[in-house]
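Topology and contacts: notes
Each chain, written out:
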Amino acid sequence: LNWRDINPDIFGSMIQAVVIPEYRSDLGMHYTSVPNILKLIKPLFLDELYEAFDTSAGSVPKLRKLINRMAKIKFFDPACGSGNFLIITYKEIRLLEIKILQRIIELSPNPGMEFTSIQLSQFYGIELDDFAHEMAILSLWLAEHQMNKMFEEVLFDYGRSKPILPLKQAGKIVQGNAARVDWKTVCPISENDEVYIIGNPPYLGARMQDEQQKSDMAFVFNGRSEER
């Protein structure tokens, strides 16, 4: 198949179609659409980054500084499923980077070759289900390939991407129970790090939870969940 025009974010709905409905319901798995993901990430960080782009549009050093900032941001989804929040965030950050580099090329009398500074290693996730965990990794690889192609097409003679083969680790996507795993072992945070926690956590009402899920709640809230 030609995967050129396949949207990696569709894998979330594929999982919903493939996974046994009763099993999906037991885990509280829910697919989040792209418009709803944008409703979250735009006010959380994307709008502010675009505002920084607008205010820096006349200065190459300021634009370079913005790209350097973007290249250090960490994005973490502790219940990432098939990776939809991470995929859409990655694509949006790469799109903004392309816009910034286009502006740098316009402002430079002798523009040189530009390379992307955004890496999959900035993206972190935890997922309980093994199949969804593997799909998240595959989806991020596909998103990287597609955005690399767009990078080269839009920037033309001034944009080059590093080859993705052989495949390297696609972010840090860990299989595990986010209610039990220490999040900082997955996504280490230093004092000056800029980190955004994003996602749509699985949800089951108290009457729908099994004993393990109730135990997870008690562990996370140290017994306070029972008081509610």
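Scope of this entry: the structure provided in the associated data block. Quick caveat, the model's predicted, so the values are computed rather than measured. (Residues numbered from 1 in each chain as written. Predicted model: local features only at pLDDT ≥ 70, side-chain atom pairs only at ≥ 80, totals over all residues. Heavy atoms only, no water.)

Checked against the element boundaries, Asn177 lands in the loop between strand S5 (172–175) and helix H7 (183–186). Counting along the chain gives 98 residues from Asn177 to Ala79, while the straight-line C-alpha distance between them is 8.6 Å. (Helix = DSSP H or I, 4+ residues; strand = E, 2+ residues; numbered from the N terminus.)

What follows is about the pairing of strand S1 (residues 74–77). Of the two faces of S1, the one carrying Lys74 and Phe76 and the one carrying Phe75 and Asp77 are both buried. Here S1 runs beside strand S3 (residues 123–127); their pairing, made up of three bridges, is parallel. Across the sheet, residue Phe75 finds its bridge partner in S3, namely Phe123. (Buried < 20%, exposed > 50% of the residue type's maximum accessible area, 1.4 Å probe, protein only. Pairing = 2+ DSSP bridges.)

Between helix H5 (residues 84–107) and helix H6 (residues 130–155), the shortest axis-to-axis distance is 10 Å and the interhelical angle comes to 15 degrees. When the axes of H5 and H6 are compared, the pair comes out roughly parallel. For the pair H5 and H6, the sense of crossing is right-handed. Touching Leu86, Ile87, Tyr90, Lys91, Arg94, Leu95, Glu97, Ile98, Leu101, Gln102 and Ile105 of H5 are Ser139, Leu140, Ala143, Glu144, Met147, Asn148, Met150, Phe151, Val154 and Leu155, all from H6. Class assignment of the residues belonging to the contact of H5 with H6 gives a composition of 14 nonpolar, three polar and four charged. (Axes fitted to C-alpha atoms, helices over the stretch in contact; angles between N-to-C directions. Parallel < 35°, antiparallel > 145°, perpendicular 65-115°, else oblique. Left-handed = near helix turned anticlockwise from the far one by under 90°. Contact = heavy atoms within 4.5 Å. Nonpolar A, V, L, I, M, F, W, Y, C, P; charged D, E, K, R; others polar.)

Once that is clear, we can look at H6. Here H6 contains 26 residues, and its C-alpha end-to-end distance of 38 Å stays within 8% of the 38 Å for a straight helix at 1.5 Å per residue. Capping the start of H6, Asp129 holds a side-chain oxygen 3.2 Å from the backbone nitrogen of Phe131, two or three residues further along. Following H6 by one or two positions, Phe156 has its phi on the positive side, about 55 degrees. (Expected span 1.5 Å × (residues − 1). Polar contact = N/O pair within 3.5 Å; in protein donor to acceptor, adjacent residues only side chain to side chain.)

Within the open sheet, the four strands sit side by side as S5-S3-S1-S6. Their pairing is parallel. The sheet terminates laterally at S5 and strand S6 (195–197), the two strands that pair on one side only. With direction set aside, neighbouring strand axes in the sheet form an average angle of 15 degrees.

Attention now moves to a nonpolar patch on the surface. On the surface, Met217, Phe219, Val220 and Phe221 cluster together into a nonpolar patch covering about 340 Å² of accessible area. Within the secondary structure, Phe219 sits in helix H8 (residues 211–221). (Patch = residues over 30% accessible without salt bridge, like charges linked within 9 Å, V, L, I, M, F, W, Y side chains within 5 Å. Areas by Shrake-Rupley, 256 points an atom, 1.4 Å probe, with all protein chains shown as cover. Salt bridge = Lys/Arg side-chain N within 4 Å of Asp/Glu carboxyl O.)

We now examine the packing of helix H4 (residues 60–70) against H5. Contact geometry for H4 and H5: axes closest at 10 Å, N-to-C directions at 160 degrees. The angle between the axes of H4 and H5 places the two elements in the roughly antiparallel class. Remark: the crossing between H4 and H5 carries left-handed chirality. Residues Val60, Leu63, Arg64, Leu66, Ile67 and Met70 of H4 form the contact with H5, whose own contacting residues are Ile93, Leu96, Glu97, Ile100, Leu101, Arg103, Ile104 and Leu107.

Before going further, it helps to spend a moment on the pattern of salt bridges. Under the defined criterion, the tally for this structure stands at seven salt bridges. Two residues, Arg64 and Glu114, come together in a salt bridge whose shortest N-O distance is 2.8 Å. Residue Arg64 is found in helix H4, and its partner Glu114 is found in strand S2 (residues 114–115); the two are separated by 50 residues along the sequence. The class for Arg64 is partly exposed, based on a relative accessible area of 32%. One salt bridge in this structure joins Lys74 and Asp193, with 3.1 Å as the shortest N-O distance. With Lys74 in strand S1 and Asp193 in the loop between H7 and S6, this pair connects stretches of sequence that are 119 residues apart. Since its relative accessible area comes to 14%, Lys74 is described here as buried.

What is shown is where atoms sit, not what they do.
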